[in-house]
Amino acid sequence: MCQDPIQKHKILGQRLNSSQGLRPRSAKGISVTVMRCTKCGLIYSNPQPVPYEINDHYGIPPESYWVPEYFNVDPNYFSIQIAKAKKLLPFREGMNALDIGAGIGKSMISLEREGFTAFGAEPSKPFYDRAIGKMNIAPERLKNCMLEDLEYEPESFDFITFSAVMEHLYDPDAAIKKALNWLRPEGVIHIEVPSSDFFLSRVFNFYFRLRGTTYVTNISPMHSPFHMHEFTLKSFLENQERNKYRVVDHTIYPANILKVPRIFHSLINWYMKATKTGMQLEVWLKKTP
Ligand SMILES: [Zn+2]
């Protein structure tokens, strides 16, 4: 994201390409080195996993995805983000939105409901098929395609969203460049990613060190559908200098702490809010002229 040379980066530790649990020494798998850029806080694995073919990444989703409830679209689905996009634009009826990593099309449905003309791209064939077949997304609006192969005319969209996408990409910088090219001059890009500074990652990493190991829990999962990166706000602030945009807003969400006993939840949530060490980072980008 900032192009700082890798020689300057810090080694955080190692992690397995399988669930490593709390006793990674007794778990089996291939371990990779996890590194952190000292300039912008980007976390990544070295080397990065290369799938034999794309379906090794996104091909076979767990059956739990396909329970009937999964196909219900909550009226509030993606509503906070849509409201914010409308405010930042400002919004006019019929503006074009693009959802990268559209899944089965839930956000596209919410965007349409809120007055956008929604387009999407989804690399996974099972998700794409269900978006068309079960969710009635128009096939001409949704592409079954990797971002790397995706093409649109320059300045086609007012709002582009990447939810849970950037962490799966080999080259997030190239993805941002591509999206900026598709964005209209007054448009806005929304990106949601895992945060490098997540408090519970630090707690687990500390625990692993106490046990005398060099394991870390960052960039989980290191198996299908692989995470390649974690980000900080600084990653984007450094990147904006190179790519002609500015971060106009950001939020850090405490999110998932299910592994921790319930009694600690409100305390940990409060701490993560106060120290900006929640699990998910959301940034909003606008082009600079
Ligand atoms: Zn960096």
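Basis of the calculations
- Along each chain, residue indices are assigned from 1 in the same order as the chain's sequence is written.
- Where local features are concerned, this predicted model is filtered to residues with pLDDT of at least 70; where side-chain atom pairs are given and counted, the filter is 80 or more; whole-chain, interface and lining totals use all residues.
- Excluding hydrogens and water, the side-chain values take into account all heavy atoms of the structure.
- Secondary structure elements follow DSSP: runs of H or I no shorter than four residues count as helices, runs of E no shorter than two count as strands, and numbering proceeds from the N terminus.
- Three exposure classes are used, based on accessible area relative to the maximum for each residue type with a 1.4 Å probe and protein chains only: buried under 20%, partly exposed in between, and exposed over 50%.
- Note on definitions: a residue-residue contact is assigned when non-hydrogen atoms from the two residues lie within 4.5 Å.
- Each accessible area value is a Shrake-Rupley result obtained with a 1.4 Å probe; residue values ignore everything except the protein chains displayed when judging cover.
- We score Asp and Glu as negative and Lys and Arg as positive, and we do not count His or the chain ends.
- One atom stands in for each charge, and that atom is NZ of Lys, CZ of Arg, CG of Asp or CD of Glu.
- A pair of strands is treated as paired once DSSP finds two or more bridges between them.
- Under the rule applied, a polar contact is a pair of N or O atoms within 3.5 Å (in protein, one hydrogen donor and one hydrogen acceptor; residues adjacent in sequence only if both atoms are side-chain atoms).
- For Na, K and Ca the donor cut-off is 3.2 Å; for every other metal, N, O and S atoms count as donors within 2.8 Å. Water does not enter the count, which can leave sites looking incomplete.
- For crossovers, right-handed means that the path from the first strand over the helix to the second runs clockwise, given strands pointing away from the viewer.
- The criterion for an aromatic pair is that two Phe, Tyr or Trp rings (for Trp, the six-membered ring) have centres within 6.5 Å, with stacked assigned to planes under 30 degrees apart, edge-to-face to planes over 60 apart and tilted to the rest.
- Any Lys NZ or Arg CZ that is within 6 Å of a ring centre and within 35 degrees of that ring's normal is treated as a charge sitting over the ring.

## Re the overall build of the chain
Point 1. Across its full length, the chain holds 8 helices and 11 strands.
Point 2. The principal-axis extent of the C-alpha atoms belonging to the chain is close to 60 × 45 × 40 Å.
Point 3. Residues counted as buried form 49% of the 289 residues belonging to the chain.
Point 4. Counting contacts in the chain only where the partners sit at least 6 residues apart, residues at least 24 apart contribute 72% of the total.
Point 5. Put simply, the chain shows about 14,700 Å² of open surface, and 56% of that area lies on carbon and sulfur atoms.
Point 6. A distance of 9 Å separates the average location of the 35 positive side-chain charges in the chain from that of its 30 negative side-chain charges.

## A short note on the sheet that holds strand E10 (residues 245-253)
To summarise the sheet geometry, strands pair through backbone hydrogen bonds and adopt either a parallel or an antiparallel arrangement.
Point 1. Taken in spatial order, the 7 strands make up an open sheet running E6-E5-E4-E7-E8-E11-E10, and their pairing is mixed. The open sheet has two edge strands, strand E6 (142-143) and E10, and neither has a second partner.
Point 2. Summarising the sheet, strand E4 (residues 96-100) and strand E5 (residues 117-121) pair through 5 bridges and their orientation is parallel. Within E5, the residue paired with Asp99 across the bridge is Gly120.

## Some details on the environment of Asp99
Point 1. Considering the arrangement of structural elements, one finds Asp99 in strand E4.
Point 2. Spatially, the C-alpha atoms of Asp99 and Ser163 are 8.2 Å apart, while their sequence positions differ by 64 residues.
Point 3. Excluding its chain neighbours within four sequence positions, the residues that come into contact with Asp99 are Ser107, Met108, Phe119, Gly120, Ala121 and Thr161.

## Observations concerning the side chain of Ser124
Point 1. For Ser124, the position within the fold is in the loop between E5 and helix H4 (125-133).
Point 2. There is a polar contact of 3.3 Å between the side chain of Ser124 and the backbone nitrogen of Phe127.

## Thoughts on the coordination of the zinc ion
Point 1. Donor atoms from the polypeptide that coordinate the zinc ion comprise Cys2 (SG), Cys37 (SG) and Cys40 (SG), at 2.3 Å from the metal.
Point 2. Read N to C, the donor residues that coordinate the zinc ion are spaced as C-x34-C-x2-C. Of the two residues, Cys2 is situated in the segment before strand E1 (10-16) and Cys37 in the loop between strand E2 (31-36) and strand E3 (43-46); the sequence distance between them amounts to 35 residues. For the pair shown, Cys2 and Cys37 are each scored as buried.

## Overview of the sheet that holds E2
Point 1. Read across the open sheet, the 4 strands follow the order E1-E2-E3-E9; overall the sheet is antiparallel. What marks the edges here is a single partner per strand, and that holds for E1 and strand E9 (229-230).
Point 2. With 4 bridges connecting them, E2 and E3 associate as antiparallel partners. Following the sheet pairing, Arg36 is matched in E3 by Ile43.

## What to know about the pairing of strand E8 (residues 183-194)
Point 1. For E8, the tally of buried residues reaches 9 of 12 residues, placing the bulk of the element in the interior.
Point 2. Direction of pairing for strand E7 (residues 157-163) relative to E8: parallel, over a ladder of 6 bridges. Of the residues in E8, the one forming a bridge with Ile160 is Ile189.
Point 3. In the classification by handedness, the crossover that spans E7, the intervening helix H5 (residues 172-182) and the parallel E8 is right-handed.

## Some remarks on the packing of aromatic side chains
Point 1. Under the definition given, this model contains 10 aromatic pairs.
Point 2. Geometrically, the ring pair formed by Phe91 and Phe116 is tilted, given 4.7 Å between the ring centres and 50 degrees between the ring planes. One end of the pair, Phe91, is in the loop between helix H2 (79-88) and E4; the other, Phe116, is in the loop between helix H3 (106-113) and E5, and 25 residues separate them in sequence.
Point 3. A relative accessible area of 22% places Phe91 in the partly exposed class.
Point 4. Where Tyr152 meets Trp182, the ring centres are 5.1 Å apart and the plane angle is 90 degrees; that geometry is what we call edge-to-face. You can see Tyr152 sitting in the loop between E6 and E7 and its partner Trp182 sitting in helix H5, a full 30 residues away along the chain.
Point 5. For Trp182, a relative accessible area of 2% corresponds to the buried category.
Point 6. Clustering of aromatic rings is evident, with ring pairs tying together Phe91, Phe116, Phe159 and Trp284.
Point 7. Its guanidinium or amino end placed over the ring of Phe119, Arg141 lies 5.2 Å from that ring's centre, counting from NZ or CZ.

Any link to function would need more than the numbers given here.
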